[in-house]
Structures are given as C-alpha cells and as structure tokens.
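Tertiary structure, described
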Amino acid sequence: MILESTADIQIRSMRPDDVESICWESEDGSKDSREYLKRQIENQSQGDSLALLALYKGKPAGYVFLYYRCKWGGLGNQGFPGIVDLIVFKKYRNKGIGGQLMAAAEKEASRVSSRVYLDVCLNSEYGQAQRLYAKLGYIPDGKGVYYKEKVLAANAPCINDDELTLCLIKKL
C-alpha cells in the first residue's frame, strides 16, 4: 500500500521481503535489527500498528511505526496512537524523508484519533528529530521529562541516555 509519493520519495507499508534491503541500506545487518524489523512487520500484520517504509529513488531510506493504541512512552496504555522510532538513514537525511514519513503516520493516526503522540530523547544525538517535531507542531505534554517512561521528579538523578525523554503531542 503506497501512502505518499513524490518524484524521489515513496512511502509505503513495510513487507517481510524489505528486511534485508533495509538492513543493507541502514548498514545494520545485526541479528537484533533483523528480528526487530520482523517483529514490527508482525505487529502490522496483526493490526496493532502500521510499519511505514520510505524509499528514496527506489532504495530504503528510513522508516517509522505508528501504533494505534500505543503501549509505550508518556501516554502509553491510554488508548492514543503513538509514533515510534522515526529513523532516516544517515546518507538520506536532509531530503524531506522524515517529514514525509511523519505526514503519512499522522494521516493514518487521524483515522482513529484527534491527536497523536511520541516521545523524543533529550540527548544531542536526537537534535535533528527534536527540531523536526517542533517544526511539525508537536508540543510537550506538560508533565516534564520522563525517565524509563515515568515522570522524573524535580532534582531526581538521571542519566542523559535514550531513556530520558519528553512526551510530545500533536492535535490532528
């Protein structure tokens, strides 16, 4: 199923036969990566999520997952759709791919809810994503930062790793 398409970029649902080419283009052919992608495709086949793949000139360039009733993050297990793991491979960044993946995920989320959420890591490795989400109109949920999916109390110790996040919401 093709969801978005421009001259160079196509967004479609991920298929089992995409796993090898995704691993090749992402330069991560690890067993963990393969198993993760296969799990995401299985979740899609069960109707829990939509696994979106971006193709740039026919080659896998990134992906994102939309869970219709997301279990993780700041609004996890509250019945809202959540966007998980927006990834654009390094060699394909700054071509509008992330924005198109997000637009496709948001369009699908709007079929089931008037809002969508995501959690973004706060360390500098995620700076581009943080800026993209702000440009797309995502705003903090107002609860402060989360650590390991729980609101972090003021002055509480934490580590600035991938578990330190901010929950962002967008009205659709």
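Structure: see above.
Below you will find a few notes about this structure. (Residues numbered from 1 in each chain as written. Predicted model: local features only at pLDDT ≥ 70, side-chain atom pairs only at ≥ 80, totals over all residues. Heavy atoms only, no water.)

**Examining the overall build of the protein**
- When its secondary structure is counted, the protein shows four helices and nine strands.
- When the helices and strands of the protein are read in sequence order from the N terminus, they spell out β-β-α-α-β-β-β-α-β-α-β-β-β.
- Taken against the 2.2 N^0.38 rule, which gives 16 Å for 172 residues, the C-alpha radius of gyration of the protein at 16 Å falls within 12% of a compact globule.
- Relative to its full complement of 172 residues, the protein shows a buried share of 45%.
- Of all intrachain contacts in the protein linking residues separated by at least 6 positions in sequence, the fraction that spans at least 24 positions is 60%.
- Each charge sign in the protein was given a centre, from 24 positive and 22 negative side chains, and these centres are 4 Å apart. (Helix = DSSP H or I, 4+ residues; strand = E, 2+ residues; numbered from the N terminus. Rg over C-alpha atoms; globule rule 2.2 N^0.38 Å. Buried < 20%, exposed > 50% of the residue type's maximum accessible area, 1.4 Å probe, protein only. Contact = heavy atoms within 4.5 Å. Lys, Arg positive; Asp, Glu negative; His and termini not counted. Charge placed at Lys NZ, Arg CZ, Asp CG, Glu CD.)

**Description of the sheet that holds strand β8 (residues 150-151)**
- With respect to topology, nine strands assemble into an open sheet ordered β1-β2-β3-β4-β5-β6-β9-β7-β8, the strand pairing being mixed. The sheet is open, and its two borders are formed by β1 (2-5) and β8, each paired with just one other strand.
- Bridge count for strand β6 (residues 115-121) against strand β9 (residues 164-171) is seven bridges, and the pairing is antiparallel. The partner of D119 across the bridge, within β9, is C167.
- Along the sheet, helix α3 (residues 97-109) contacts β1, β2 (9-13), β3 (49-56), β4 (59-67), β5 (82-88), β6 and β9; its crossing angle with β5, the most-contacted strand, is approximately 160 degrees. (Pairing = 2+ DSSP bridges. Axes fitted to C-alpha atoms, helices over the stretch in contact; angles between N-to-C directions.)

**Let's talk about the state of the cysteines**
- Within this structure, the stated rule accounts for zero disulfides.
- Here C70 is not disulfide-linked; the sulfur of C167 is the nearest cysteine sulfur, at 9.5 Å.
- Note on C121: no disulfide assigned, nearest cysteine sulfur contributed by C158 at a separation of 12 Å. (Disulfide = S-S within 2.5 Å.)

**Concerning the packing of aromatic side chains**
- Enumeration over the complete set of coordinates arrives at six aromatic pairs.
- Taking the centre distance of 5.8 Å and the plane angle of 75 degrees together, the rings of Y36 and F65 count as edge-to-face. Note that Y36 is positioned in helix α2 (residues 31-45) and F65 in strand β4, a separation of 29 residues in sequence.
- Considering the side-chain rings of Y67 and W72, the 4.8 Å spacing of their centres and the 85 degrees angle between planes classify their relative orientation as edge-to-face.
- In this structure W72 comes out as partly exposed when scored by relative accessible area, which is 37%.
- A connected cluster of aromatic rings, assembled from ring pairs, spans Y36, Y63, F65 and F89. (Phe/Tyr/Trp six-rings, centres within 6.5 Å; stacked < 30°, edge-to-face > 60°.)

**Let's talk about α3**
- Relative to the 18 Å expected for 13 residues at 1.5 Å per residue, α3 spans 18 Å between its end C-alpha atoms, a close match to the ideal helical length.
- Most of α3 is tucked away, with 10 of its 13 residues classed as buried.
- The set of residues buried in α3 consists of I97, G98, Q100, L101, M102, A104, A105, E106, E108 and A109. (Expected span 1.5 Å × (residues − 1).)

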